[in-house]
Structures are given as structure tokens and as C-alpha cells.
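Here's the letter readout for the chains.
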Amino acid sequence: MIGSPMPCGIVLAKRSNVSRISVEIDYISARDQTISGSRNGHTPMMLWAAIKSRPLAEWRRKVRHCLDMAQYAIDRFQAAGIQAWRCQNSITVVFPSPSEPVCNKHGLARSGGAAHLITTPHHHDSQRLDRLIDDIIQDLGAVTAPAGAAMSAA
């Protein structure tokens, strides 16, 4: 979502917890405070630059849009009788896995009978999400609700 040129992430931890995993590395004469020495020096700088490239209000708008679209997806699924859910403040929506052709068509990851979608800020409206949800509703044989019926939050 942030737009770093390579995959990277952030882990926030209390200083007391960081010190619990910190180990002395003799060949560099320094303490390693990363999770299993996992961090290189470039990705944190690229991530910081990407975060600073936009004002805080724009990041808030993007996150709110993603959360609204995730709730929109859940509302559409549930209106069609499909048990969909997400954790609080998550943009990942989990639902029963549709057939392999539908998963392949939309690039859905699935595991243990469930699939998921992740809402992203570059989808400015619900058109692509509606096509995905329509295909899943049809595939799972659920009672369809009109597209846009729960659109008020999006």
C-alpha cells in the first residue's frame, strides 16, 4: 500500500521487548536488534521515504477507503448468505473458497477451505470488487443481492 520499490514491512515493539531479542554479534562488534537479523539497511530508508512522500491526511484517507471497501465486501457477501469476516481494523476479508476456476480468474489465495481478498487504495470505486463478489456469489450458489446494495460506506 505504501509504495516501496521492494517488499518490506514494519514491526513496532516496546523497547523492553526489543531488548529481549537483541543479541551481540561479535563479527560486526554490534548488537543486532532485528527479528533474527532479518533487516537490511535499505528497505527501512525506502519505506521511510515512501511514508514521508504524502501528507498524513492522505494516508488516513487511503486507509479509511480500504477499511470501507473491506466492510462493503463483507456486507455484500453476508447479504448473499456467505459467511465473510475480517479482524477489526483489517483490510483482509476471509470467505469460503470458491471453485478453482474462480480462484484462478481472480488470483485468489486459498487455504483450508477459505479464500481471502485484500482491499487496496488504488481501486477508487467498487467495480472490480463487485465483479469478484458477483463471481463468488454465483459460484457458491448463494442468494444474490443487487450490486451496490451495501455501497453506502464505500
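Given the structure is predicted, the values throughout are model-derived calculations rather than measurements.

Rules of the game
Residues numbered from 1 in each chain as written. Predicted model: local features only at pLDDT ≥ 70, side-chain atom pairs only at ≥ 80, totals over all residues. Heavy atoms only, no water. Buried < 20%, exposed > 50% of the residue type's maximum accessible area, 1.4 Å probe, protein only. Helix = DSSP H or I, 4+ residues; strand = E, 2+ residues; numbered from the N terminus. Arc of directions from axis to C-beta. Contact = heavy atoms within 4.5 Å. Polar contact = N/O pair within 3.5 Å; in protein donor to acceptor, adjacent residues only side chain to side chain. 1 Å grid on protein atoms, 1.4 Å probe; cavity = no way out; pocket = protein on both sides within 12 Å on 5 of 7 lines; lining within 4 Å. Points joined across faces, edges and corners; volume = space filled by probe spheres on them. Nonpolar A, V, L, I, M, F, W, Y, C, P; charged D, E, K, R; others polar. Core = buried A, V, L, I, M, F, W, Y, C linked by side-chain atoms within 4.5 Å.

1. Observations regarding helix α2 (residues 42-52)
For α2, the full list of buried residues reads T43, L47 and A50. The arc enclosing the buried residues of α2, seen along the axis, measures out at 60 degrees, which places them on a common side. Turned more than 90 degrees from where α2 packs its buried face, H42, M45, W48 and K52 sit exposed. In this fold, the buried residues of α2 make contact with α3 (56-79).

2. Re the side chain of T119
Relative to the helices and strands, T119 is located in the loop between β5 (114-118) and α5 (127-140). Take T119: its relative accessible area is 6%, and that puts it in the buried class. Within the structure, the side chain of T119 is placed 2.8 Å from the backbone oxygen of C66, a separation counted as a polar contact. Here T119 is in contact with C66, M69, A70 and I91, once residues within four sequence places are set aside.

3. A few points about the layout of surface pockets
Roughly 390 Å³ of internal volume is contained in the second largest pocket. What lines the second largest pocket is a set of 18 residues, and nearest its centre among them are L117, I118, H123, R128 and L132. Listing elements by their share of the lining of the second largest pocket, those giving two or more residues are α3, α4 (100-106), β5 and α5. Of the residues in the lining of the second largest pocket, the class split is seven nonpolar, eight polar and three charged.

4. Points about the nonpolar core
Within the largest apolar cluster, 21 residues are counted, with the highest numbers of intra-cluster contacts made by F77, V93, F95, L117, L129 and I136. When contributions to this core are tallied by element, the ones reaching two or more residues are α3, β3 (92-96), α4, β5 and α5. Counting residues per element, this core draws most heavily on α3, which supplies six residues. Setting aside chain neighbours within four positions, we find V93 in contact with A70, A73, I74, F77, A84, W85, R86, A115, H116 and L117.

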